[in-house]
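The residues making up each chain are set out below.
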Amino acid sequence: MDQSTPPAPEILAHSLLAFWADAGVDCLYQDEATDRIAAGLSPPPRRVEHVAAPLRTAPAAGEPASDALAEARRLAAAAQDLTSLAEAIAGFEGCPLRFEGAATRSVFSRGPSDAPVMIIGEGPGGDEDARGEPFVGRAGQLLDRMLAAAGLSDRVFITNTVFWRPPGNRTPSLSEQALCAPFVERAISLVRPKMLLLVGGASAKAMLKREEGILAMRGRWFEWRSDDESLELPAMPTLHPAFLLRQPAAKKKAWSDLVSLVQRLDRPDRPH
Ligand code: URA
């Protein structure tokens, strides 16, 4: 192309959309563009009001998070099975992620309710938000292939540290994870897995309350304890499949983590 010829508008538009998609902007605010300046219109309402319409209002700024945490604990404790736990999560309005506009619904779990392994990821992405199930996008498909190769496909219950998609797929904050933690703990106490697989640094740090990076923690066994210390389980952190998609050379490490998890799971005659 002649250097002095500007690229065609559709090429520019395509490139800009690709840039936004890479940055995590993957849905449109409106189907039709409105020139609000030319029309003398006031700024559009925040998208959060639009998507959160059935959810009443967001918690007021400055509302003590402890109220929300107490509510999360109350709702989680009252759930007597996984169906009521999923309903309790769907009705919980205390996690600010719910009102941040990217998420359309809560995403709780998939997998058998008596699975011996519970996988806890970081938080739902765009595909999970759209389908309402964890780990169903590209990263989830890679996870599924690894689980199948390890003979674990029907032996895992999969959930996340938070149940609403963080905007732009950012890492959930510790306080967002803390607000969802009572539901995660309740899921563990209802499923009663033999062990946990913590997928990604944000999951490992939140669940184990440790500071080290995932590369230092992966492949090692830790003891996870519930808040009230009534439950204890072995837990292994491993690399996140989204990281493996970007760094395929690291798959070897994740595979060796899975192999040692299966060895421990299937070890005869020894306490887990
Ligand atoms: N990444 C996660 O950590 N969880 C999902 O459910 C999907 C992608």
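These numbers come from a predicted model, not from an experiment. (Residues numbered from 1 in each chain as written. Predicted model: local features only at pLDDT ≥ 70, side-chain atom pairs only at ≥ 80, totals over all residues. Heavy atoms only, no water.)

## Things to note about the pattern of salt bridges
What counts is decided by this rule: Salt bridges are defined as contacts in which a side-chain nitrogen from Lys or Arg sits within 4 Å of a carboxyl oxygen from Asp or Glu. Each helix is a run of DSSP H or I of at least 4 residues and each strand a run of E of at least 2, with the numbering of both proceeding from the N terminus. Only protein chains enter the calculation, and the probe is 1.4 Å; a residue is then buried if its accessible area is under 20% of its type maximum, exposed if over 50%, and partly exposed in between.
Summed over the entire model, instances satisfying the criterion amount to 10 salt bridges. Put simply, Glu 71 and Arg 74 hold a salt bridge, and the shortest N to O gap is 3.2 Å. Highlighted residues: Glu 71 and Arg 74, both in helix H3 (residues 65-78), separated by three residues, approximately one helical turn. With a relative accessible area of 31%, Glu 71 lands in the partly exposed category. Where Glu 232 meets Arg 225, a salt bridge forms, and the shortest distance between an N and an O atom there is 3.0 Å. Within this structure, Glu 100, Arg 170 and Glu 176 form a network of salt bridges that share partners.

## Describing the environment of Arg 110
What counts, and what does not: Contacts are assigned to residue pairs with any non-hydrogen atoms lying within 4.5 Å of each other. Throughout this description, a polar contact denotes any pair of N or O atoms lying within 3.5 Å of each other; where both atoms belong to protein, one of them has to be capable of donating a hydrogen while the other can accept it, and for residues adjacent in sequence the pair is counted only when both atoms sit in side chains.
Following the sequence through the fold, Arg 110 ends up in the loop between helix H4 (82-91) and strand S1 (117-121). A residue is classified by how much of its surface remains accessible, and Arg 110, at 18% relative accessible area, is buried. Between the alpha carbons of Arg 110 and Val 136 there is a distance of 9.7 Å; along the sequence they are 26 residues apart. Leave out the neighbours within four places in its chain, and Arg 110 touches Glu 133, Pro 134, Phe 135, Val 136, Gly 140, Asp 144, Val 156, Phe 157 and Ile 158. At 2.8 Å, the side chain of Arg 110 and the backbone oxygen of Phe 135 are in polar contact.

## Here's the deal with the site of the ligand
Going by this rule: Nearness is defined per residue: one heavy atom within 4 Å of the molecule or strand is enough. In these tables, accessible area is a Shrake-Rupley quantity obtained with a 1.4 Å probe, and a residue counts as shielded only by the protein chains included in the view. Gly falls in the polar group here, along with every residue not listed as nonpolar (Ala, Val, Leu, Ile, Met, Phe, Trp, Tyr, Cys, Pro) or charged (Asp, Glu, Lys, Arg).
In the vicinity of the ligand, the contacting residues are Gly 121, Glu 122, Gly 123, Pro 124, Glu 128, Pro 134, Phe 135, Asn 160 and His 240. Between a nitrogen atom of the ligand and a main-chain N or O atom of Gly 123, the distance comes to 3.0 Å. Residue Asn 160 places a side-chain N or O atom 2.8 Å away from a nitrogen atom belonging to the ligand. When the free accessible area of the ligand is taken as 230 Å², the share hidden by the protein chains comes to 92%. Looking at the shell around the ligand residue by residue, the classes come out as three nonpolar, four polar and two charged.

## What about the packing of H4 against helix H7 (residues 174-191)?
The following threshold applies: The axes used here are C-alpha line fits, helices contributing only the stretch in contact, and every angle between their N-to-C directions lies in the interval 0 to 180 degrees. Orientation categories follow fixed angle ranges, with anything under 35 degrees roughly parallel, anything over 145 roughly antiparallel, 65 to 115 roughly perpendicular, and all other angles oblique.
In the contact formed by H4 and H7, the axes pass within 10 Å of each other and the chain directions differ by 175°. Viewed along their axes, H4 and H7 adopt a mutual orientation that is roughly antiparallel. Between H4, through Leu 82, Leu 85, Ala 88 and Ile 89, and H7, the contact on the second element is made entirely by Phe 183, Arg 186, Ala 187, Leu 190 and Val 191. Among the residues forming the contact of H4 with H7, the class breakdown is eight nonpolar, no polar and one charged.

## Here we look at the sheet that holds strand S4 (residues 222-225)
Strand-to-strand pairing in sheets goes through backbone hydrogen bonds, with the strands running parallel or antiparallel. Basically, it comes down to this: By definition, two strands form a pair when at least two bridges between them are found by DSSP.
If you walk across this open sheet you meet the five strands as S2-S1-S3-S5-S4, and the pairing is mixed. Of all the strands in the sheet, just strand S2 (156-160) and S4 have a single pairing partner and so form its edges. This sheet shows a mean twist of 35° between the axes of neighbouring strands, independent of strand direction. In the sheet, S1 pairs with strand S3 (residues 195-199) via four bridges, with the strands oriented parallel. Directly across from Ile 120, in S3, lies its bridge partner Leu 198. Against the sheet, H7 makes contact with S1, S2, S3, S4 and strand S5 (232-238), and its axis sits at roughly 165° relative to S1, the strand it touches most.

## Brief notes about the packing of aromatic side chains
Two measures describe an aromatic ring pair: the distance that separates the ring centres and the angle between the ring planes. To keep things clear, this is the line we draw: Stacked, tilted and edge-to-face are the three classes applied to pairs of Phe, Tyr and Trp rings, where Trp contributes its six-membered ring and a pair requires centres within 6.5 Å; stacked means planes under 30 degrees apart, edge-to-face means over 60, and tilted covers the rest. The criterion for a charge sitting over a ring is simple: Lys NZ or Arg CZ within 6 Å of the ring centre, and within 35 degrees of the ring normal.
Here the structure, examined in full by the defined rule, presents five aromatic pairs. Relative to Phe 183, the ring of Phe 163 lies with its centre 6.3 Å away and its plane at 80°, an arrangement referred to as edge-to-face. In this pair, Phe 163 is assigned in the loop between S2 and H7 and Phe 183 in helix H7, connecting sequence segments 20 residues apart. On the accessibility criterion, Phe 183 (0% relative accessible area) is buried. Taken together through their ring pairs, the aromatic side chains of Phe 92, Phe 108, Phe 157, Phe 163, Trp 164 and Phe 183 make up a single cluster. The ring centre of Trp 221 lies 4.5 Å from the NZ or CZ of Arg 264, which sits over that ring.

## Observations regarding the side chain of Gln 177
Summarising the element assignment, Gln 177 is placed in helix H7. The residues contacting Gln 177, other than those within four sequence positions of it, are Thr 161, Val 162, Pro 172, Ala 202, Ser 203 and Ala 206.

## Some thoughts on the confidence of the model for the protein
Defined as follows: Scored from 0 to 100, pLDDT records how confident the predictor is in each individual residue.
Mean pLDDT over the protein: 86, with 79% of residues reaching 70 or higher. Here residues 45-57 is modelled with pLDDT under 50, and outside its nearest four sequence neighbours on either side it reaches 19 contacts, counting other chains as well. Note that residues 59-64 has pLDDT below 50 and, in this model, two contacts with residues that lie over four places away or in other chains.

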